[in-house]
Amino acid sequence: MGVQLLFHMNEGQGDTSYARNSIIQNKIISVARETTKEAILDLYCATKPERLSIADLGCSSGPNALQQISDIIDFVDQKCRQLGHPSPEFQCFLNDLPLNDFNTVFYGLPEFYEKLRREKGTDFGPCFVLGVPGSFYERLFTKRSLHFVLSSSSLHWLSQVPVDLDSGRRTITHLNKGKLYISKTSSPCVLRSYLQQFQCDFLAFLSSRSQEIIAGGRMVLTLMGRRSGDPADHEEYCFQWELLSNALMDMVSEGLIEEEKVDSLNSPYYSPSPEELNQVVQSEGSFIVDRLETFEVEFDASLNGIDDDNENKGHRVAKSIRAVVEPMLDGHFGGKVMDDLFYRYGVHLQEYISQKRPKVTNLLVSMVRNG
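Reference entry: report on the structure contained in this document. The shown structure was predicted, so the numbers you read here are calculated from the model rather than taken from an experiment.

Conventions used here
Per-chain numbering applies: the sequence of each chain, read as written, is numbered from 1 onward. Where local features are concerned, this predicted model is filtered to residues with pLDDT of at least 70; where side-chain atom pairs are given and counted, the filter is 80 or more; whole-chain, interface and lining totals use all residues. The side-chain numbers reported here are obtained from all heavy atoms of the structure, hydrogens and water having been left aside. Secondary structure is summarised from DSSP: a helix means a run of H or I of at least four residues, a strand means a run of E of at least two, and numbering begins at the N terminus for each. Using C-alpha atoms as the atom set, the radius of gyration is obtained and then compared with a globule rule of 2.2 Å times the number of residues to the power 0.38. Only protein chains enter the accessibility calculation, which uses a 1.4 Å probe. A residue is then buried if its area is under 20% of the maximum for its type, exposed if over 50%, and partly exposed in between. Contacts are assigned to residue pairs that have any heavy atoms within 4.5 Å of one another. In this analysis, strands are considered paired if DSSP registers two or more bridges between them. Throughout, an axis means a line fitted to C-alpha atoms (over the contacting stretch in the case of helices), and angles, computed between N-to-C directions, take values from 0 to 180 degrees. Our angle categories are set so that under 35 degrees counts as roughly parallel, over 145 as roughly antiparallel, 65 to 115 as roughly perpendicular, and the remainder as oblique. Handedness of a crossing follows from how the near helix is turned relative to the far one, being left-handed for an anticlockwise turn of less than a right angle and right-handed for a clockwise one. Here the nonpolar group is Ala, Val, Leu, Ile, Met, Phe, Trp, Tyr, Cys and Pro; Asp, Glu, Lys and Arg are the charged ones; every other residue, Gly included, is treated as polar. For this document, the term salt bridge refers to a Lys or Arg side-chain nitrogen within 4 Å of an Asp or Glu carboxyl oxygen. The span you would expect from a helix comes to 1.5 Å times its residue count less one. Convention used here: a crossover is right-handed provided that the path from the first strand, over the helix, to the second strand proceeds clockwise when the strands point away from the viewer. Under the pairing criterion, centres of Phe, Tyr and Trp rings, with the six-membered ring standing for Trp, must be within 6.5 Å; the plane angle then separates stacked pairs below 30 degrees from edge-to-face pairs above 60, leaving the rest tilted.

A separate point is the overall build of the protein chain. Looking only at helices and strands, the protein chain features 12 helices and 7 strands. Taking 371 residues into account, the globule formula puts the C-alpha radius of gyration at 21 Å, and the protein chain, at 21 Å, falls close to it. Overall, the C-alpha framework of the protein chain stretches about 70 × 45 × 35 Å when taken along its three principal axes. Residues counted as buried form 57% of the 371 residues belonging to the protein chain. Contacts spanning at least 24 positions in sequence make up 83% of the contacts within the protein chain whose residues lie at least 6 apart.

Right, let's get into the sheet that holds strand β1 (residues 51–57). Read from one edge of the open sheet, 7 strands run β3-β2-β1-β4-β5-β7-β6, paired in mixed fashion. Lying at the two open borders of the sheet, with one neighbouring strand each, are β3 (127–133) and β6 (287–298). Strand-to-strand twist of the sheet, defined as the mean angle between neighbouring strand axes without regard to direction, takes the value 15°. One ladder, built from 11 bridges, connects β6 with strand β7 (residues 359–369); its direction is antiparallel. Counterpart to Arg291 in the pairing with β7 is Ser366. Its contacts with the sheet put helix α2 (residues 23–31) on β4 (146–152), β5 (213–224), β6 and β7, and the angle it makes with β6 is roughly 135°.

On to the packing of helix α4 (residues 67–83) against helix α6 (residues 109–120). Here α4 crosses α6 at 20°, and the two axes come no closer than 13 Å. Comparing their axes, α6 and α4 come out roughly parallel. Relative to α6, the crossing made by α4 is right-handed. Residues Ile69, Ser70, Ile73, Asp74, Asp77 and Arg81 of α4 touch α6, and the partners they reach there are Phe112, Leu116 and Lys120. For the contact of α4 with α6, the residue count by class is 4 nonpolar, 1 polar and 4 charged.

Another aspect to go through is the packing of helix α11 (residues 312–333) against helix α12 (residues 338–353). Two numbers describe how α11 lies on α12: the axes approach to 9 Å, and their chain directions differ by 140°. With respect to each other, α11 and α12 are oriented oblique. The handedness of the crossing between α11 and α12 comes out as right-handed. Residue-level contacts link Lys313, Gly314, His315, Val317, Ala318, Ile321, Arg322, Val325, Glu326, Leu329, Asp330 and Phe333 of α11 to Met338, Asp339, Leu341, Phe342, Tyr343, Tyr345, Gly346, Val347, Leu349, Gln350 and Ile353 of α12. Of the residues contributing to the contact of α11 with α12, the split by class is 14 nonpolar, 4 polar and 5 charged.

Of note, the bond from Gly125 into Pro126 is cis; its omega dihedral lies within 30 degrees of zero at 5°. When you line up the elements, Pro126 lands in the loop between α6 and β3. The backbone phi angle of Ser60 is positive, close to 55°, even though this residue is not glycine. Take Ser60: it is sitting in the loop between β1 and α4. Here Ser60 falls in the buried class, since its relative accessible area comes to 5%. Of note in this structure, Ser153 is not a glycine but carries a positive phi near 55°. Position of Ser153 relative to the elements: it lies in the loop between β4 and α7 (188–212).

One pass over the full model with this rule turns up 21 salt bridges. When the shortest N-O distance is used, the salt bridge between Lys120 and Asp74 registers 2.5 Å. You can see Lys120 sitting in helix α6 and its partner Asp74 sitting in helix α4, a full 46 residues away along the chain. For Lys120, a relative accessible area of 11% puts it in the buried group. In this structure, Asp230 and Lys184 form a salt bridge, with 3.2 Å as the shortest nitrogen-oxygen distance. Of this pair, Asp230 sits in the loop between β5 and α8 (234–253) while Lys184 sits in the loop between β4 and α7; the two residues are 46 residues apart in sequence, bridging distant segments of the chain. When its relative accessible area of 28% is taken as the criterion, Asp230 is described as partly exposed.

With 15 residues, helix α3 (residues 33–47) should cover 21 Å at 1.5 Å per step; its first-to-last C-alpha distance of 21 Å lies within 8% of that length. Within α3 the residues assigned to the buried category are Thr35, Thr36, Ala39, Ile40, Leu41, Leu43 and Tyr44. Where α3 is buried, its residues touch β1, α4, β4, β5, β6 and β7. Once α3 ends, the next one or two residues include Lys48, with phi positive near 45°.

On to the pairing of strand β2 (residues 89–96). The element β2 is largely enclosed, with a buried count of 6 among its 8 residues. Between the parallel pair β1 and β2, the chain is carried across by α4, and the sense of this crossover is right-handed. With 7 bridges joining them, β2 and β3 adopt parallel strand pairing. Counted as the bridge partner of Gln91 is Phe128 from β3.

Counting across every chain of the model gives 17 aromatic pairs. Ring plane angle 20° and centroid distance 5.9 Å describe the contact between Phe102 and Phe106, whose orientation is recorded as stacked. Of this pair, Phe102 and Phe106 both sit in helix α5 (residues 102–107), 4 residues apart, which is roughly one turn of the helix. Judged by relative accessible area, which is 10%, Phe102 ranks as buried. Summarising the aromatic geometry, the rings of Phe342 and Tyr345 are spaced 6.1 Å apart at their centres and angled 65° between planes, so their arrangement reads as edge-to-face. Of the two residues, Phe342 and Tyr345 are both situated in helix α12; the distance of 3 residues between them amounts to about one turn of the helix.

Have a look at this one:
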């Protein structure tokens, strides 16, 4: 079954939902806020559009879904007031895969609109928010219809498991046994397959956006990445996948999960280096990068400011990761083992966190549509 039919964050408002466990993603949005402000104001001042079309690609659900749209509206509205210009109409598209919890997002729209009316007054906008289900690795919008594109914490997810590693397409020995992602034990062909899939997908993303964004339009993207040239650097980039694999193998050793099930699963994920990302941008040719940098966010950001040393810390981090990957694992191993799996994962994480403060490396890229 394809990624589009399986992949989504945990829905709703429950204890393991993405809505209640996405604080680290909110921190990433906050880090990128000044870059977003600079890019949108440069675009607005250069074009002065009567209608400003914005797309958030990979919006997910919960409080973060409308956060970036809200920030952009605030930035542009403040600039309009400074210049004495009327506010543009805002056309805001929220995109994610079809199984995303759009209902939770839409339930929040009346409150969102009311807040805009209360804070901006009757002369503002108006603002229209629309949902666009589909893969951002394909065309989503009509030609030259967008001014500004955002994507936060999404583009590290691939369109599919690399073809050479996809158990659904292979009949020979699994190439990445006992692992969900790249590790120190992965063969060079595994690393090469992941890189090639990222290159193919990111090229498709840029090609699609090049047709949809106006000349001079902007994109600001954040995604998980790495500083090192080594994608198998366990300490910096792979520890969360390595520890999850370890928890699964614990269950294999106790006969709770079949080993073949673990061997046949590989995550549709890749954290590129700045050089790898920039090479694809240059190859595609439609965009000019004006900022490309790395930044780190401590995994403890997912603990909502809690800074303790008790045994619950690992389980809190496990819950934040569970909110993202559980649907994928549930579809492969079945829902009955999920509580046990993520409890064991929390124990592994606690042991790891007790020795060091894990960080997530991110890439921040701002680019302009040339032409």
